[in-house]
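The lines below spell out each chain.
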Amino acid sequence: MNDIAKLKSLVSEITDTDRPKFDRVYNEVLYPRMVNIAEQWKKNELSIGSYQSDDANNKLVKELFTNGNLQSLVERQMKPYLEEKGFKVVICSPSYYVYIRW
């Protein structure tokens with residue numbers, strides 16, 4: 001294994017205990033938003049900002065993950081999961097914005 005492959009493997013591990021929680025957040029929160037953005041606005045990216053921490057969807061995030069909000073969950077924990085699905089996750093200055101692009 002070369003150096004880059006080893007480094008990628010260290011940051012892209014998704015545990016089996018996280019996967020069902022990630023599936024729920026993806027299916028119930030992220031994917032419906034993505035479909036809406038694609039249909040209504042003809043855009044290929046979803047932006048999630050820290051100002052959305054009071055968003056109703058954060059109720060689910062807080063129920064499944066004890067701390068944080070949707071933005072921090074995506075940028076810190078769900079990034080490998082989303083990349084595995086083929087999305088590109090772009091972090092703009094941590095705790096400011098995170099983009100999911102397709």
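About the cut-offs
- Residues numbered from 1 in each chain as written.
- Predicted model: local features only at pLDDT ≥ 70, side-chain atom pairs only at ≥ 80, totals over all residues.
- Heavy atoms only, no water.
- Helix = DSSP H or I, 4+ residues; strand = E, 2+ residues; numbered from the N terminus.
- Buried < 20%, exposed > 50% of the residue type's maximum accessible area, 1.4 Å probe, protein only.
- Contact = heavy atoms within 4.5 Å.
- Pairing = 2+ DSSP bridges.
- Axes fitted to C-alpha atoms, helices over the stretch in contact; angles between N-to-C directions.
- Core = buried A, V, L, I, M, F, W, Y, C linked by side-chain atoms within 4.5 Å.
- Polar contact = N/O pair within 3.5 Å; in protein donor to acceptor, adjacent residues only side chain to side chain.

Turning next to the overall build of the protein. On a plain count of helices and strands, the protein comes out with four helices and three strands. Beginning at the N terminus, the succession of helices and strands in the protein can be written as α-α-β-α-α-β-β. Burial analysis of the protein (102 residues in total) assigns 36% to the buried set. Considering only contacts within the protein whose residues lie at least 6 apart along the sequence, 57% involve residues at least 24 apart.

Moving on: the sheet that holds strand β2 (residues 88-92). Taken together, three strands build an open sheet; the order of strands is β1-β3-β2 and the sheet is antiparallel. Strands at the two margins of the open sheet, each flanked by one partner only, are β1 (45-49) and β2. Taken over all neighbouring pairs, the strand axes of this sheet differ in orientation by 20 degrees on average, direction set aside. Bridge count between β2 and strand β3 (residues 97-101): five bridges; the pairing is antiparallel. Along β3, the bridge assignment pairs cysteine 92 with tyrosine 97. Helix-sheet contacts for helix α2 (residues 19-41) involve β1 and β3, and the interaxial angle to β1 is about 125 degrees. Relative to the sheet, helix α4 (residues 70-84) contacts β1, β2 and β3, its axis offset from that of β3 by approximately 30 degrees.

Here we take up the nonpolar core. The biggest cluster of nonpolar side chains holds 24 residues, and the ones touching the most others in it are Val25, Leu30, Val74, Met78, Leu82 and Ile100. Counting only elements with at least two residues in this core, the list comes to α2, β1, α3 (58-64), α4 and β3. Residues within four places of leucine 30 in sequence aside, it is in contact with Val25, Leu46, Ile48, Leu70, Val74, Met78, Leu82 and Ile100.

With zero of its nine residues buried, helix α1 (residues 3-11) lies for the most part at the surface. Of the residues flanking the start of α1, the one acting as N-cap is asparagine 2, its side-chain oxygen 3.1 Å from the backbone nitrogen of isoleucine 4.

It is worth spelling out unusual backbone geometry at this point. Although it is not a glycine, lysine 42 adopts a positive phi angle of roughly 55 degrees. Within the secondary structure, lysine 42 is located in the loop between α2 and β1.

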